[in-house]
Amino acid sequence: MEQYAYVGCRTTEERNARGRGISVYSVSGAGQWKKKQLLPLENGLVNPSFLCLDRTGNFLYTVHGDESRISGYHIAKDGTLSYINTVSTGGINPVHLSVDLSNQWIFVANLQTGTVSVIPRGEDGMLQPLKWQYTIPGNGDGMVSHPHQVQQDPTGSFLVVSCQGRGQGFGQVDVFRIHQEDGSLEKTCFVRSREIAEPRHFVFHPDRDWGYGVNEKDYSITFYHFDKEQGILTPKQILPTLPDSYTGDGWASGIAMTSDGDFVIVSNRKHDSVSSFRIKKESGMLSFFDCIKTGGAQPRYIVWDEVRQLLVSANENSDTISEIILEKNSGKMRLLEQKIPTESPVCVIFKPL
């Protein structure tokens, strides 16, 4: 089944980047990527580093990393993009965004200034001025924690915000109830991490009340139970993301789950690898299963491609995208030989035709 892939990237000298804009591909099979468009950024816009689709799949939105803006684009029938508009996030270095279930609100994590922004969008895809902003407090007056992701639960009722401490703040995962009628957020809980863990990204199990968070600096993964009525997370387990035979440093980054909910996979940047964990069907607990190299440098982001049933890794420092097969019977991973060349990739999202 053919689909479109959209690749976000870094573009600035400060990021030692080689990216030139958002790349659009048609994807028809393993290793079969054909570039349809390279959309250069105009009006001084840079670093389209994280992307998301609206709920109809007709519009694409991107943050502009290291800046204070997000932009919207219309998706044509052939998958190509055309610019709509740009608005301020009211914060610095937006790193993640998502559109709510009602398709009215865009949530944005502003890493540097420790805020979550709520931005309205119209049915025509047009972004409206910032409506709400929430600060994630740090460990002193004027200090903040640093949100790195705004992930919604499967029901669209709650927003899970993974926050890094970074010295002045707290490593924690915050949960907010989403009020879809006006886009406002109401905090329901927060869970502190280990002191140096620094939660980064989070995924939910497709069928059970379980969630899994990757922690960057201590390269670990945490299993949580999620109370979907009250919006309460309870940590149950934590494991390292690298093999016990590896004695070097680590730097965990992305997290993805297979569509059947049997495995969760984490990327490790300094180790240039991905690690898989089998999920126990009775309890949700994890067991470390396999670890392989991605064939590229600094796999910042990974995503499970539900159409082709394989893992995609964006290897930022080697300018490549890798594809990895997870054998369901054995649970082992296998790297496909062909790499997709693209400059400084940091995000990949898919849209089925």
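Above this text sits the structure in question.
Residues numbered from 1 in each chain as written. Predicted model: local features only at pLDDT ≥ 70, side-chain atom pairs only at ≥ 80, totals over all residues. Heavy atoms only, no water.

### A closer look at the pattern of salt bridges
Which entries qualify depends on this criterion: Any carboxyl oxygen of Asp or Glu that lies within 4 Å of a side-chain nitrogen of Lys or Arg is treated as forming a salt bridge with it. Going along the chain from the N terminus, every DSSP run of H or I of four or more residues is numbered as a helix, and every run of E of two or more is numbered as a strand. Only protein chains enter the accessibility calculation, which uses a 1.4 Å probe; a residue whose area is less than 20% of its type maximum is buried, one above 50% is exposed, and one in between is partly exposed.
By the definition in use, this model includes 20 salt bridges. Its salt-bridge partner being Asp319, residue Arg18 comes within 2.8 Å of it at the nearest N-O pair. Placement of the pair is Arg18 in the loop between β1 (3-9) and β2 (21-29) and Asp319 in the loop between β25 (310-315) and β26 (320-326), with a sequence separation of 301 residues. Taking relative accessible area as the criterion, Arg18 reaches 32% and is therefore assigned partly exposed. For Glu327, the salt bridge is made with Arg334, and the minimal N-O distance between the two is 3.3 Å. When its relative accessible area of 41% is taken as the criterion, Arg334 is described as partly exposed. The network of salt bridges with common partners includes Glu198, Arg200, Glu216, Lys217 and Arg269.

### A few points about the sheet that holds strand β29 (residues 345-352)
Rules: DSSP-based pairing: two strands are paired if at least 2 bridges between them are found. Under this scheme, a helix contributes an axis fitted over its contacting stretch, all axes are lines through C-alpha atoms, and angles between N-to-C directions fall in the 0 to 180 degree range.
Pairing is antiparallel across the open sheet formed by four strands, whose spatial order is β3-β2-β1-β29. This sheet does not close on itself; its edge strands, each paired only once, are β3 (32-40) and β29. The mean angle between the axes of side-by-side strands here comes to 25°, regardless of whether they run parallel or antiparallel. Sheet topology places β2 next to β3; eight bridges connect them, and they run antiparallel. Considered in β3, the bridge of Gly29 is made with Gln32.

### Brief notes about the sheet that holds strand β12 (residues 146-152)
Spatially, the four strands line up as an open sheet ordered β12-β13-β14-β15, and their pairing is antiparallel. Edge positions in the open sheet fall to β12 and β15 (184-192), since each of these has one partner strand only. Adjacent strand axes in the sheet meet at a mean angle of 25° when their direction is disregarded. Sheet analysis places β12 next to strand β13 (residues 158-164), joined by six bridges and oriented antiparallel. Pairing of His146 across the sheet is with Gln164, part of β13.

### Observations concerning unusual backbone geometry
One non-glycine residue with positive phi stands out, namely Asn93, at about 60°. Within the element layout of this structure, Asn93 appears in the loop between β7 (81-88) and β8 (94-99). Given a relative accessible area of 7%, Asn93 falls into the buried group. Positioned with a positive phi, Asn103 is a non-glycine residue whose angle comes to about 65°. Inspection of the secondary structure assignment puts Asn103 in the loop between β8 and β9 (105-110).

### Structural notes on the packing of aromatic side chains
Filter applied, for reference: Centres within 6.5 Å make a pair out of two Phe, Tyr or Trp rings, where for Trp the six-membered ring is used; the pair is then stacked when the planes are under 30 degrees apart, edge-to-face when over 60, and tilted otherwise. Comment: the charge-over-ring label is applied if NZ (Lys) or CZ (Arg) is within 6 Å of the ring centre and within 35 degrees of the ring normal.
Inspection of every chain in the model, using the stated rule, returns 13 aromatic pairs. Taking 5.4 Å as the distance between ring centres and 75° as the angle between the ring planes, the aromatic pair formed by Tyr25 and Trp33 counts as edge-to-face. Both residues of the pair, Tyr25 and Trp33, belong to the buried class. Each ring, one from Phe277 and one from Phe288, has its centre 5.4 Å from the other, and the planes form 85°; the classification is edge-to-face. With Phe277 in strand β22 (residues 273-279) and Phe288 in strand β23 (residues 286-293), this residue pair connects regions lying eleven residues apart in the sequence. For Phe288, a relative accessible area of 33% gives the class partly exposed. By the ring-pair criterion, three or more aromatic residues cluster together here, those being Phe158, Phe202, Phe204, Tyr224 and Phe226. A cation over an aromatic ring shows up here: Arg269 above the ring of Trp251, its NZ or CZ 4.1 Å from the ring centre. Seen from the ring of Trp251, Lys270 lies directly overhead, with NZ or CZ sitting 5.4 Å from the centre.

### Focus: the pairing of strand β5 (residues 59-64)
Remark: a regular strand shows side chains that alternate across the two faces of the sheet. Of all six residues in β5, six are buried; the element is thus mostly enclosed. Residues Phe59, Tyr61 and Val63 point to one face of β5 and Leu60, Thr62 and His64 to the other, with burial holding for every one of them. Alignment of strand β4 (residues 51-53) against β5, held across three bridges, turns out to be antiparallel. Residue pairing for β5: Cys52 is matched across the bridge by Tyr61. Taking the residues between adjacent antiparallel strands as the criterion, β4 and β5 are bridged by five residues, where Gly57 takes a positive phi near 75°. Here six bridges tie β5 to strand β6 (residues 69-75), and the two strands are oriented antiparallel to one another. If you follow Phe59 over to β6, its bridge partner there is His74. Connecting β5 to the antiparallel partner β6 that follows it, the hairpin turn spans four residues, and Asp66 within it adopts a positive phi of roughly 75°.

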